Amino acid sequence: MPQDAAGLLESEDAVELEAADAGVEQREHVVQMALHGVRLDKALVELVPEFSRSYLQQLLEQGAVQLNRKPATKSSAKVKLGDVISIEMRPTAQSQSFKPETMALDVVYEDEHLLVVNKPAGLVVHPAPGNWQGTLLNGLLAHHAGAAAVPRAGIVHRLDKDTSGLMVVAKTRQTMDALVAMIARRDVSRRYLALAHKPWKGAQMQQVNAPIGRDPRNRLRMAVVDLAQHPGKEARTDITCWDSTDAHCLVHCKLHTGRTHQIRVHMLSLGHPLVADALYGGAADGDMQRQALHAFRLSFVHPVTGESLELAAEPPQDFLTAVEKLRLSYNPR
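Residues numbered from 1 in each chain as written. Predicted model: local features only at pLDDT ≥ 70, side-chain atom pairs only at ≥ 80, totals over all residues. Heavy atoms only, no water.

As annotated in an unreviewed UniProt entry, the protein is Pseudouridine synthase from Comamonas kerstersii. The record in UniProt for the protein states the following under Sequence similarities (unreviewed entry): "Belongs to the pseudouridine synthase RluA family." (UniProt positions renumbered as here; feature names shortened; annotations may be inferred.)

**Section: the overall build of the protein**
The secondary structure content of the protein amounts to 7 helices and 15 strands. By its C-alpha atoms, the protein is 75 × 45 × 35 Å across when sized along the principal axes. Summing over all exposed atoms, the protein offers an accessible surface of approximately 15,500 Å²; the carbon and sulfur share of this is 49%. Charge-centre separation for the protein: the mean point of 37 positive side chains lies 7 Å from the mean point of 38 negative side chains. (Helix = DSSP H or I, 4+ residues; strand = E, 2+ residues; numbered from the N terminus. Areas by Shrake-Rupley, 256 points an atom, 1.4 Å probe, with all protein chains shown as cover. Lys, Arg positive; Asp, Glu negative; His and termini not counted. Charge placed at Lys NZ, Arg CZ, Asp CG, Glu CD.)

**Observations concerning helix α7 (residues 317–325)**
What α7 keeps buried is the set F319, A322 and V323. Seen along its axis, α7 keeps its buried residues to an arc of 105°; they face one direction. Across from the buried face of α7, at angles greater than 90 degrees, the exposed residues are Q317 and E324. Residues of α7 that are buried sit in contact with β8 (189–197), β13 (248–255) and β14 (293–301). Positive backbone phi, approximately 60°, marks R327, located one or two places after α7. (Buried < 20%, exposed > 50% of the residue type's maximum accessible area, 1.4 Å probe, protein only. Arc of directions from axis to C-beta. Contact = heavy atoms within 4.5 Å.)

**Here we look at the UniProt feature "active site" (unreviewed entry) in the protein**
This chain's UniProt record puts "active site" (unreviewed entry) on D160. Mapped onto the elements of the fold, D160 is located in the loop between α4 (136–143) and β7 (164–170). Leaving out residues up to four positions away in the same chain, D160 has contacts with K119, H261, R264 and Q291.

**Concerning the sheet that holds strand β2 (residues 65–67)**
Taking strand neighbours across the sheet as the criterion, the 4 strands line up as β1-β4-β2-β3 in an open arrangement whose pairing is antiparallel. Every interior strand has two partners, whereas the edge strands, β1 (25–30) and β3 (70–71), have only one. In the sheet, β1 pairs with strand β4 (residues 84–89) via 6 bridges, with the strands oriented antiparallel. When the bridges of β4 are listed, R27 appears paired with I87. Along the sheet face, helix α2 (residues 40–47) touches β1, β2 and β4 and points at about 70° away from the line of β4. The sheet strands contacting helix α3 (residues 53–61) are β2 and β4, and the helix crosses β4 at an angle near 100°. (Pairing = 2+ DSSP bridges. Axes fitted to C-alpha atoms, helices over the stretch in contact; angles between N-to-C directions.)

**Considerations on the packing of aromatic side chains**
Considering all chains together, one arrives at 1 aromatic pair under this definition. Between W242 and F296, the aromatic rings sit 6.0 Å apart at their centres with planes inclined by 90°, giving edge-to-face as the arrangement. Pair noted here: W242 is in strand β12 (residues 236–244) and F296 is in strand β14, with a separation of 54 residues, a long-range link. W242 sits in the buried class, given a relative accessible area of 11%. (Phe/Tyr/Trp six-rings, centres within 6.5 Å; stacked < 30°, edge-to-face > 60°.)

**With respect to the nonpolar core**
Grouped together as the largest cluster of nonpolar side chains are 32 residues, with contacts concentrated most on Y192, V251 and M267. Of all the secondary structure elements, the ones that give two or more residues to this core are β6 (114–119), α4, β7, β8, β12, β13, α6 (262–269) and β14. Those residues in contact with M267 that sit more than four places away from it in its chain are A196, W200, I239, V251, H272, P273 and L274. (Core = buried A, V, L, I, M, F, W, Y, C linked by side-chain atoms within 4.5 Å.)

**Comments concerning the pairing of strand β5 (residues 107–110)**
Both β5 and β6 contribute to a ladder of 3 bridges, which runs antiparallel. Residue pairing across strands places E110 opposite L115, the latter belonging to β6. With antiparallel pairing between neighbouring strands as the criterion, β5 and β6 make up a hairpin whose turn holds 3 residues.

The structure is reproduced here in structure tokens:
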């Protein structure tokens, strides 16, 4: 699923949470003929089906699995009839990540069906390697009791860690399903402000319709790709220049799709890397220390009440300071 609609938290995650809360549990299995000659990692999935493959792989890597009373760390090891597999069901960082953490959330709108938050730069949206805790998801689990019953605490789209701005979050499964469908149909309008290097040239509004995929030369980046040669997905952004100097420009971006790093990649394709976006060639300037990108407007029809919601969030202080230092003018329109 694209960035528009984040993947769902399956029931296996809830099971792993229970195991983590319960502490260490010892399990022992004798290999039967049906698993004779099967790889150890695949045998574990068959023997402990209520846990995810990734969780069991972590146990293997941590030495929590023994084969015939000896530590087993190789996933590819073949098991034989009569082998004894011992598993220490211990908590892992991942299994403990879906826990509530009280944090100050800037809630722009909220009712019993959904909420819209103004995410600060630096806050990771969802637990992942290197950021298993302290994420927006953890904050949502603490914010309202129903979050634990909704996949991924209701998160239906994401912002990069260092991008600030508005995100809509579902509070019920019904609302989540509706929002996911709306985003897929492009019925949710998302508008961003960005500061970029180099003066703007050409038409004030430029539509970038260029597919995006993994950069074949650097797997950490995305890039505009030729779909005949590289995998990728169609991507479209409308970019309007709001102000420009001899060295920088302030632009307004309207997303029509939601590909990973879409605005950053499309701006680079026009020759305008974002200020302080080191991954895509931007340099720190105007005291900006993170990519100069802010999701400042979010518009959609409430999927339950039918109300038209038009929400806005002023850019944070670091963005406004950079606008001033780079001698640009910010006049919301």
